[in-house]
Amino acid sequence: MATDSTAEWHGNSDSVPKVPDFDLLRPIGEGSFGKVWLATNRTTGQLRAVKLILLNPSDRVDRAGREIVSLVRLEANVRNQHPNLLGIQHVGQTAQHLFYVMNPADDITGGPASLADSYRPATLKERLERGPLSQDDCLLLSRQLLAGLACIHKAGMVHRDVKPANCLFIDGELKLGDFGLLTMTSAEPSLLGTRKYMPPDGHMDARADVFAAGLIIYEMLTGLPVEAFPHLGQRAREIADSSALRILNRLVLRACQGDPKQRFPNAIEMLDALMEAKAGRPRIPVPVRTLVLIAVVVSLGVLTVPAAISLWHVQPDTVDVSFITEPFGAAIYLDGRPLLQPDGKPYRTPCTVPGLPGQTHHLSFKREGNGDLNVGEIDLETVREVTARWSDAPK
Amino acid sequence: MSGSETHSTLLERIRDGADCLAWSDFADRYWRLVFDFARRRGCSDHTAEDIVQEVMLTVFQHREVFQHDRSRGRFRAWLGTVVRNAVAERRRQPQDRIRGHGGDGQDAILVAEAGEPQPDAEWEAAFDKAMLVALLDIVRREVAPRTYQAFELAALHDLPGRRVAEITGLRLGAVYAARLRVLRRLRELGAQYRKNGQLTEQLKQALAGWPDPAVERAMIARLTVINR
């Protein structure tokens with residue numbers, strides 16, 4: 001768990017800590033292991049954000065040591081500063097603290113950081129409190145978040161504390177910050193992190209970063225807190241009507257799978273999937289429909305309207321086919337034999353039957369109260385979905 | 001497991017105050033009911049948020065009551081009285097005097113709570129809706145995210161299966177199967193809510209009263225504080 005170290009971040013809560021070259025003005029935020037101050041450079045007068053971590057805390061957790069190790073890792077592995085990672089300008093040490101200096105985040109009003117009492121650093125957490133993001137912002141910020149995280153994953157590291165409060169805005173661009181829990185991918189998965197954004201398996205590896213990123217994109221998309229996932233709330237229809245938001249939603253659903261193996265393995269692949277989907281070459285799973293067959297049959301069982309709709313691609317030997325009837329609950333007969341599940345019970349519509357021979361078959365449905373619905377010959381080499389319904393009488 | 005069993009088990013679990021997860025479930029289940037009821041009685045979003053926080057605090061402080069009387073009917077009426085009195089108290093006092101005086105507001109609730117619970121048709125209907133949403137929430141946590149979303153989009157937003165498939169990445173057949181699966185589970189959990197066979201219609205109406213996303217975020221943050 002990310003520790004909340006506010007009570008002891010410095011010995012005396014009334015005194016302002018001293019760091020070389022900088023005057024600390026007031027606390028403006030908290031990271032995983034320390035407090036962040038608004039500060040001015042004594043020589044240049046420039047405004048900066050300075051993070052302080054206590055060197056010798058009473059609970060003997062060596063936060064400063066952990067942070068130093070993380071920063072060294074970051075420095076060693078990310079040679080060229082990435083535009084979506086928060087840049088560290090200087091690292092130093094006093095008798096009591098480790099400190100490092102960063103550019104301050106924009107003000108929440110969108111302007112630059114200032115000395116004004118009203119200044120509050122712009123973070124994604126604060127932005128989300130104001131409601132769902134526009135479609136353009138959702139896409140832009142998702143890309144920026146994933147680009148920053150992908151840079152960390154490319155360097156063989158994991159962040160382990162991806163959350164909206166750690167996404168800051170500088171010059172309007174999202175910067176992923178707070179590297180206090182950063183570690184190498186090869187490290188043993190641990191339970192450090194922020195609970196709300198942790199995957200259910202609790203393993204804080206690259207797939208856990210992906211899970212957290214997925215939840216953040218969910219929040220941007222819906223405006224809802226992570227506790228509501230995957231409820232789409234009042235924005236469901238807007239998401240349904242926008243191809244960009246649909247892409248993002250599919251990205252979220254894959255990133256937030258309970259089974260880590262079904263998630264993107266890292267942010268690099270998640271970012272690739274987003275960019276390819278945006279460019280019209282989707283890698284995020286979309287419904288695979290090779291050929292959809294629709295049949296409307298009158299109650300006497302006569303096939304009246306069979307129609308082939310679209311051909312996307314051809315499948316090899318065995319195929320998975322979806323069968324849907326209106327009403328549901330029909331047994332499926334291929335070549336006069338019912339399709340049975342492994343436990344011997346017949347498949348009933350709607351369902352997807354795996355492993356069917358990809359060749360021509362005779363298809364019919366049987367449903368109690370509706371009689372037989374004879375679809376006729378279908379070629380499962382090309383048909384992946386069959387939709388059929390009983391009609392009371394021909395019109 | 002029926003809705004009432006779920007409910008009484010939850011009450012038992014929050015009794016000693018040590019089960020943080022149970023408390024979180026409890027708050028999550030009831031806060032929208034209180035919020036919606038207060039809004040319908042003319043309170044602003046902000047006042048309704050305050051009332052939710054007060055009521056939840058009162059429930060938490062009186063959790064030992066559930067040890068002696070945890071029947072669903074009594075709890076429903078008791079909570080209704082607490083909420084109605086909290087709303088009435090807010091409406092009697094000027095806004096600026098009430099705000100920042102959590103203790104005063106609480107006292108008013110406690111005094112009123114000691115009296116006999118009073119029936120209220122509006123409260124009864126609101127409580128039923130909240131229980132229905134709570135059942136949906138149980139199913140949301142049980143099934144895969146894609147399955148839940150497919151149900152929500154197809155059954156509650158009436159979107160065509162093909163569009164739902166595009167949104168969720170499921171195959172069309174799987175969309176229908178997801179819808180059936182969630183409905184079946186809902187029927188199992190909430191047999192008492194489907195007497196007239198209009199479960200999804202009732203759910204739609206219940207969800208229509210949900211607050212907007214900004215209130216959701218604010219309230220969840222405030223309720224987390226009570227639990228600390």
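**As for the overall build of chain A**
Then, in step 1: A tally of regular secondary structure across chain A gives seven helices and 18 strands.
Then, in step 2: Taking all 395 residues of chain A together, 43% fall into the buried category.
Then, in step 3: Taking as baseline every contact in chain A between residues at least 6 positions apart, the subset at least 24 positions apart corresponds to 60%.

**What about the confidence of the model for chain A?**
Residue and element names in this part refer to chain A.
Then, in step 1: Of the residues in chain A, 75% reach a pLDDT of 70 or more, and the chain-wide mean stands at 79.
Then, in step 2: Ranking the elements of chain A by mean pLDDT puts strand β11 (residues 307-308) last with 34 and helix α4 (residues 206-222) first with 96.
Then, in step 3: Taken together, the stretch residues 287-292 has pLDDT below 50 and engages in 29 contacts with residues farther than four places along the chain or on a different chain.
Then, in step 4: Taken as a whole, residues 297-316 scores under 50 in pLDDT and shows 51 contacts with residues more than four places along the chain or in a different chain.

**Comments concerning the environment of L47(A)**
Residues and elements named next belong to chain A.
Then, in step 1: Following the sequence through the fold, L47 ends up in strand β3 (residues 47-54).
Then, in step 2: On the neighbour-count criterion, L47 (17 C-beta atoms within 10 Å) is partly exposed.
Then, in step 3: Distance in space between the C-alpha atoms of L47 and F22 is 9.4 Å, their sequence separation being 25 residues.
Then, in step 4: With near-sequence residues (within four places) excluded, L47 lies in contact with L38, T40, P104, A113 and L115.

**Overview of α4(A)**
All names here are of chain A.
Then, in step 1: In a regular helix each residue adds 1.5 Å, so 17 residues correspond to 24 Å; α4 covers 24 Å between its end C-alpha atoms and thus fits that length.
Then, in step 2: Extensive coverage of α4 is indicated by the burial of 17 of its 17 residues.
Then, in step 3: Within two residues after α4, G223 carries a phi angle of roughly 80°, on the positive side.

**As for the interface of chain B and chain A**
Then, in step 1: Opposite the 30 residues of chain B that make contact, chain A presents 41 residues.
Then, in step 2: Broken down by secondary-structure element, the contributors of at least two residues to the side of chain B that touches chain A are α9 (145-156), α10 (161-168), α11 (172-189) and α13 (213-227) of chain B.
Then, in step 3: Along the lines of polarity and charge, the residues of the side of chain B that touches chain A split into 16 nonpolar, five polar and nine charged.

**Concerning helix α7 (residues 267-278) of chain A**
Residues and elements named next belong to chain A.
Then, in step 1: Helix length check: α7 (twelve residues) gives 16 Å between terminal C-alpha atoms against 16 Å at 1.5 Å per residue, within 8%.
Then, in step 2: Listed as buried for α7 are A267, M270, L271, A273, L274 and A277. Take α7 and look down its axis: the buried residues cluster within an arc of 155°, on one side only.
Then, in step 3: Tucked inside the fold, the buried residues of α7 contact α3 (135-154), α4 and α6 (243-255).

**Structural notes on the pairing of strand β17 (residues 371-379) of chain A**
All names here are of chain A.
Then, in step 1: Note: strand β16 (residues 360-367) against β17, eight bridges, orientation antiparallel. The partner of K366 across the bridge, within β17, is D372.
Then, in step 2: Here β16 folds back onto β17, and the loop between the two strands holds three residues, one of which, G369, carries a positive phi near 90°.

**Remarks on the environment of S114(A)**
Residue and element names in this part refer to chain A.
Then, in step 1: The topology assignment puts S114 in the loop between β5 (97-102) and α2 (124-128).
Then, in step 2: What makes S114 partly exposed here is the crowd of 14 C-beta atoms within 10 Å.
Then, in step 3: A C-alpha to C-alpha distance of 7.4 Å links S114 and L47, two positions 67 residues apart in sequence.
Then, in step 4: For S114, the contacting residues outside a window of four places in its chain are D107 and Y119.

**Focus: the nonpolar core**
Then, in step 1: Membership of the largest hydrophobic core comes to 150 residues, with the highest contact counts inside it found for L146(A), A213(A), M270(A), V34(B) and V175(B).
Then, in step 2: Here this core gets twelve residues from one element, more than from any other, and that element is α4(A).
Then, in step 3: Sequence-distant contacts of V175(B), defined by excluding residues within four places in its chain, comprise A150(B), A154(B), G161(B), V164(B), A165(B) and L170(B).

**Some thoughts on the sheet that holds strand β4 (residues 88-93) of chain A**
All names here are of chain A.
Then, in step 1: Within the open sheet, the five strands sit side by side as β1-β2-β3-β5-β4. Their pairing is antiparallel. Pairing within the sheet leaves two strands with one partner each, and these edge strands are β1 (22-30) and β4. Taken pair by pair, the neighbouring strands of this sheet meet at an average axis angle of 30°, ignoring direction.
Then, in step 2: With six bridges connecting them, β3 and β5 associate as antiparallel partners. Bridge pairing in β5 places I53 opposite L98.

Thresholds applied
- Residue positions are counted from 1 within each chain, in the order its sequence is given.
- Lettering for chains starts from A, numbering for ligands starts from 1, and both go in the order in which the items are written.
- With the structure being a predicted model, the display of local features is reserved for residues of pLDDT at least 70 and the display and counting of side-chain atom pairs for 80 or more, all residues being used for whole-chain, interface and lining totals.
- The helix count covers DSSP runs of H or I at least four residues long, the strand count covers runs of E at least two residues long, and both are numbered beginning at the N terminus.
- For every residue, the other C-beta atoms within 10 Å of its own C-beta are counted; 20 or more classify it as buried, 12 or fewer as exposed, and values in between as partly exposed. C-beta atoms are placed from the backbone.
- Two residues qualify as being in contact provided that their C-beta atoms, derived from the backbone, are within 7 Å of each other.
- pLDDT runs from 0 to 100 and stands for how confident the predictor is about each residue.
- To estimate the expected span of a helix, count its residues, drop one, and scale the result by 1.5 Å.
- Ten residue types, Ala, Val, Leu, Ile, Met, Phe, Trp, Tyr, Cys and Pro, are classed as nonpolar, four, Asp, Glu, Lys and Arg, as charged, and the remainder, Gly among them, as polar.
- Think of it as the arc spanned by the lines of direction from the helix axis to the C-beta atoms.
- The pairing criterion is simple: DSSP has to find at least two bridges between the two strands.
- Note on terminology: a nonpolar core is any set of buried Ala, Val, Leu, Ile, Met, Phe, Trp, Tyr and Cys residues joined through C-beta atoms within 7 Å.
- All axes here are fitted lines through C-alpha atoms, helices being fitted over the stretch that makes contact, and every angle between N-to-C directions spans 0 to 180 degrees.

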